[in-house]
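Residue-level listing of the chains:
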Amino acid sequence: MSELSEAIQFGLRCATDIIRGSRRAVVLSGAGISTPSGIPDFRSPDSGLWEHFDPFEVASLTSFRHNPANFYEWMRGLARLILDAQPNPAHFSLAKLQQSGYVQTIITQNIDSLHQRAGSHNVLEVHGSLETLSCTGCYQRVRGQDYVEAFVERAEMPYCPKCGAILKPDLVLMGEQLPAKTWLQAMQASKNCDLMIVAGSSLEVLPVAGLPMRALENGARLILINYTKTYLDVRADVVFHEDVAEILPLIVKQVTRAE
Ligand SMILES: [Zn+2]
């Protein structure tokens, strides 16, 4: 994208006007915002994480209960990528939009905490994160930091310091409910916003993919930035089928330019 096409320039102007005119914008981010940071979409069969594993055998709640060692063996590769990853220009741009008062809440499907590391606050991690782990025996919650590195570096399985049962990262596995409180907040934010910006999500994973529809039904505008098409392209005010790490900085530059 060395030279901006007219269509992109027009889209940037529209997006800028919409963002400047909004009062309660919410962002929904997905895997596409973290792929430029080297984290593959772990739900995608092309991610490289599934070469020796069947997702339904390792990353589901049932299989975790039956065979946590298998889950952790798979998780180690992803956890290493997350530990090594740095936020990219898309994360920093959203943090800047938030600091400038244009964005209130960021709802993310990602488990890598890169939004927070880029300086964002009020981040709703609807699929959980590695920041905390919970005991499968006594439900005590512990800080991920104390366990994730030992596990990535030395394959040490995390056990509860209190009761000795296996700890499970607080991320949402297949077949598992979303964290109730966070999900409620995400639904509320989607209902109350006057603009939703979808950044790097192809809107395929339910129930999160339904949030922009909820926003539209309540009169919000919609800006979509995703490489591939989504089911809501036809309903959006502006659509970019581009790299979110290239488009977002351009938008933010225009939005925060002296008026
Ligand atoms: Zn315990």
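This text follows the structure it describes.
Residues numbered from 1 in each chain as written. Predicted model: local features only at pLDDT ≥ 70, side-chain atom pairs only at ≥ 80, totals over all residues. Heavy atoms only, no water.

A. The environment of L97, seen in detail. Following the sequence through the fold, L97 ends up in helix 5 (residues 89-99). Residue class for L97 comes out buried when judged on its relative accessible area of 0%. Spatially, the C-alpha atom of L97 lies 9.9 Å from that of P249, the residues being 152 residues apart in sequence. (Helix = DSSP H or I, 4+ residues; strand = E, 2+ residues; numbered from the N terminus. Buried < 20%, exposed > 50% of the residue type's maximum accessible area, 1.4 Å probe, protein only.)

B. Spotlight on the packing of helix 5 against helix 10 (residues 244-256). It is the contact of helix 5 with helix 10, at a shortest axis distance of 8 Å, that shows an interaxial angle of 25°. One element, helix 5, and the other, helix 10, form an angle in the roughly parallel class. Considering how the two elements wind past one another, helix 5 and helix 10 form a crossing that is left-handed. Residues P89, A90, S93, L94, K96 and L97 of helix 5 lie in contact with helix 10, whose contacting residues are V244, A245, L248, P249, V252, V255 and T256. Its residues assigned to classes, the contact of helix 5 with helix 10 shows 10 nonpolar, two polar and one charged. (Axes fitted to C-alpha atoms, helices over the stretch in contact; angles between N-to-C directions. Parallel < 35°, antiparallel > 145°, perpendicular 65-115°, else oblique. Left-handed = near helix turned anticlockwise from the far one by under 90°. Contact = heavy atoms within 4.5 Å. Nonpolar A, V, L, I, M, F, W, Y, C, P; charged D, E, K, R; others polar.)

C. Representation of the sheet that holds strand 5 (residues 141-143) in the model. Pairing within the open sheet is antiparallel, and its three strands lie in the order 5-4-6. If you trace the sheet from one side to the other, it starts and ends with strand 5 and strand 6 (167-171), each paired once. Averaged over all pairs of adjacent strands, the angle between strand axes in this sheet comes to 40°, irrespective of strand direction. Inspection of the sheet shows strand 4 (residues 128-135) paired to strand 5 by three bridges, in the antiparallel sense. Bridging from a neighbouring strand, S134 pairs with R141 of strand 5. (Pairing = 2+ DSSP bridges.)

D. How the structure looks around unusual backbone geometry. Following L206, the chain continues to P207 via a peptide bond in cis, the omega torsion being 0°. Along the chain, P207 falls in the loop between strand 7 (195-199) and helix 9 (211-217). For N122, which is not glycine, the phi torsion reads 50° and is therefore positive. If you trace the backbone, N122 turns up in the loop between helix 6 (114-117) and strand 3 (123-125). Looking at N122, the relative accessible area reads 41%, which means it is partly exposed.

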